[in-house]
Amino acid sequence: RKEVEQDPGPFNVPEGATVAFNCTYSNSASQSFFWYRQDCRKEPKLLMSVYSSGNEDGRFTAQLNRASQYISLLIRDSKLSDSATYLCVVPISSGSARQLTFGSGTQLTVLP
Amino acid sequence: DTGVSQDPRHKITKRGQNVTFRCDPISEHNRLYWYRQTLGQGPEFLTYFQNEAQLEKSRLLSDRFSAERPKGSFSTLEIQRTEQGDSAMYLCASRYGTASYNEQFFGPGTRLTVL
């Protein structure tokens, strides 16, 4: 089983739609989680951090279910500018450091 | 621009040649990371520095790969005897502090093509 698994996508949704992405992780000791956004041929950028049961920032809501080892990202009222790849990220302890382990990403295209 | 910078942005080389990439992190960031990203995949951890000390290396980092951060500032990643399978985007990231929730800031990456 991969350490971080995401919905493969792609998701093609109309403007204004609500879309949700799922992510599962294998390391039950992980305490904090992240969603990064990556535009085509650009570097990943932090979208949201999730430390407790969830986090909300405007149209974006991240939820965490520790029992099921499951994280989700909900985007409401989708905009064309939301089109990107969304990466689920879990810090996993290895050796002396915590490494960020990325999922393969879920591609979102918001259509006019 | 005070973000993470990488040089070059693109590199095309022939199989068997050596290449070196440079990363300049955000100035106050003591932690520096190298990742590799191939098409359709998320970034994969390669190695990590705290100041000038290389504290972690992934199993992905074969003997042909070496990374340095000589003065705890910029870092270099060298690939010797490149292979076609080395073609990828090489990303550098930096952050400050020890808490796992501190955001990693990524550079624009160096896209390597091995012919």
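Remember, predicted model here, so these are calculated numbers, not experimental data.

1. Section: the state of the cysteines
Logical step 1: Under the definition given, this model contains 2 disulfides over all chains.
Logical step 2: Linked covalently through their sulfurs, C23(A) and C88(A) form a disulfide whose S-S length is 2.0 Å. Judged by the sign of its S-S torsion, about -75°, the bond between C23(A) and C88(A) is left-handed. One end of the pair, C23(A), is in strand 3 (residues 19–25); the other, C88(A), is in strand 9 (residues 84–94), with 65 residues separating them in the sequence. One exposure class covers both C23(A) and C88(A), and it is buried.
Logical step 3: Between the sulfur atoms of C23(B) and its disulfide partner C92(B) the distance amounts to 1.8 Å. Here the disulfide of C23(B) and C92(B) is left-handed, its torsion about the S-S bond being about -65°. On the criterion of sequence distance, the pair formed by C23(B) in strand 3 (residues 19–24) and C92(B) in strand 9 (residues 88–95) is long-range, its members being 69 residues apart. Here the two residues C23(B) and C92(B) agree in accessibility, since each one is buried.

2. Digging into the nonpolar core
Logical step 1: The biggest cluster of nonpolar side chains holds 24 residues, and the ones touching the most others in it are F21(A), W35(A), I71(A), L73(A), I75(A), Y86(A) and L108(A).
Logical step 2: When contributions to this core are tallied by element, the ones reaching two or more residues are strand 3, strand 4 (33–38), strand 5 (44–50), strand 7 (60–65), strand 8 (70–75), strand 9 and strand 11 (106–111) of chain A.
Logical step 3: Ranked by the residues each element gives to this core, the list is headed by strand 9 of chain A, at 5 residues.
Logical step 4: One finds C23(B), L61(B), F65(B) and I79(B) within the second-largest nonpolar core, a separate group that totals 19 residues.

3. Side note on the pairing of strand 3 of chain A
Residues and elements named next belong to chain A.
Logical step 1: Here strand 3 shows one buried face, formed by V19, F21, C23 and Y25, and one open face, formed by A20, N22 and T24.
Logical step 2: Sheet topology places strand 1 (residues 4–6) next to strand 3; 3 bridges connect them, and they run antiparallel. When the sheet's bridge partners are listed, V4 is paired in strand 3 with Y25.

4. Describing the sheet that holds strand 6 (residues 54–57) of chain A
Residues and elements named next belong to chain A.
Logical step 1: Spatial strand order, 1-3-8-7-6: 5 strands in an open sheet with antiparallel pairing. Taken across any chain shown, the strands that pair with only one partner, and hence form the sheet edges, are strand 1 and strand 6. Across the sheet, the axes of successive neighbouring strands diverge by a mean angle of 15°, strand direction being ignored.

5. A look at the pairing of strand 7 of chain A
All names here are of chain A.
Logical step 1: Of the strand pairs in this sheet, strand 6 and strand 7 are connected by 4 bridges, and their pairing is antiparallel. Counted as the bridge partner of D57 is F60 from strand 7.
Logical step 2: Where strand 6 folds back on strand 7, the antiparallel hairpin that results is connected by 2 residues, among which G58 adopts a positive phi of roughly 65°.
Logical step 3: Of the strand pairs in this sheet, strand 7 and strand 8 are connected by 6 bridges, and their pairing is antiparallel. Each residue of the ladder has a partner; that of F60, found in strand 8, is I75.
Logical step 4: The turn linking strand 7 back onto strand 8 is made up of 4 residues, and Q69 within it adopts a positive phi angle of 55°.

Rules used throughout
- Residues numbered from 1 in each chain as written.
- Chains lettered and ligands numbered in written order.
- Predicted model: local features only at pLDDT ≥ 70, side-chain atom pairs only at ≥ 80, totals over all residues.
- Heavy atoms only, no water.
- Disulfide = S-S within 2.5 Å.
- Helix = DSSP H or I, 4+ residues; strand = E, 2+ residues; numbered from the N terminus.
- Buried < 20%, exposed > 50% of the residue type's maximum accessible area, 1.4 Å probe, protein only.
- Core = buried A, V, L, I, M, F, W, Y, C linked by side-chain atoms within 4.5 Å.
- Pairing = 2+ DSSP bridges.
- Axes fitted to C-alpha atoms, helices over the stretch in contact; angles between N-to-C directions.

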